[in-house]
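Take a look at the letters that make up each chain.
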Amino acid sequence: MNNEWMNDPSLAGIDKAKLEFLQALVFESRGLKREQMLPFLMAVAKRGQADHITFTNEEIETIVAVIKRESSPEEAATIDKMMRMRKK
């Protein structure tokens, strides 16, 4: 995924630093094996806290909608699964 998704007009109200944080995650997570993902995500969460990066539910929903438009059907299905887990 390139960074074109960050230019979507529906993201105009979201701080660019938050979007750049997410874009960095995408690139850093490429090539990680399944067993490497949990430690990676824990480290990312810690970095987000250190940088005071938090997302409102509305921001999350908006970002996910934009990313899904740029995703393959398989990626979109994975995103949907993660979002369902998040709501539990």
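I will try to describe carefully the structure that is included in this document. Values in this document were obtained by computation on a predicted structure and should not be read as measured data.

Our next topic: the packing of aromatic side chains. To describe a pair of aromatic rings, you give the distance between the ring centres and the angle between the ring planes. Overall, the coordinates contain zero aromatic pairs when judged by the stated rule. For Lys18, the ring lying beneath its charged end belongs to Phe55, and the centroid distance is 5.5 Å.

Moving on, we get to the pattern of salt bridges. The full count for this structure, using the stated rule, is four salt bridges. The residue Lys18 makes a salt bridge to Glu59 at a minimum N-O spacing of 2.9 Å. Of this pair, Lys18 sits in helix α1 (residues 16–29) while Glu59 sits in helix α3 (residues 57–69); the two residues are 41 residues apart in sequence, bridging distant segments of the chain. Both residues of the pair, Lys18 and Glu59, belong to the buried class. For Asp80, the salt bridge is made with Lys68, and the minimal N-O distance between the two is 2.5 Å. In this pair, Asp80 is assigned in helix α4 (residues 73–87) and Lys68 in helix α3, connecting sequence segments twelve residues apart. The exposure class of Asp80 is partly exposed, given its relative accessible area of 28%.

Here is what the cut-offs are and how they apply
- Residues numbered from 1 in each chain as written.
- Predicted model: local features only at pLDDT ≥ 70, side-chain atom pairs only at ≥ 80, totals over all residues.
- Heavy atoms only, no water.
- Phe/Tyr/Trp six-rings, centres within 6.5 Å; stacked < 30°, edge-to-face > 60°.
- Lys NZ or Arg CZ within 6 Å of the ring centre and 35° of its normal.
- Salt bridge = Lys/Arg side-chain N within 4 Å of Asp/Glu carboxyl O.
- Helix = DSSP H or I, 4+ residues; strand = E, 2+ residues; numbered from the N terminus.
- Buried < 20%, exposed > 50% of the residue type's maximum accessible area, 1.4 Å probe, protein only.

That's the geometry; what it means functionally is another story.
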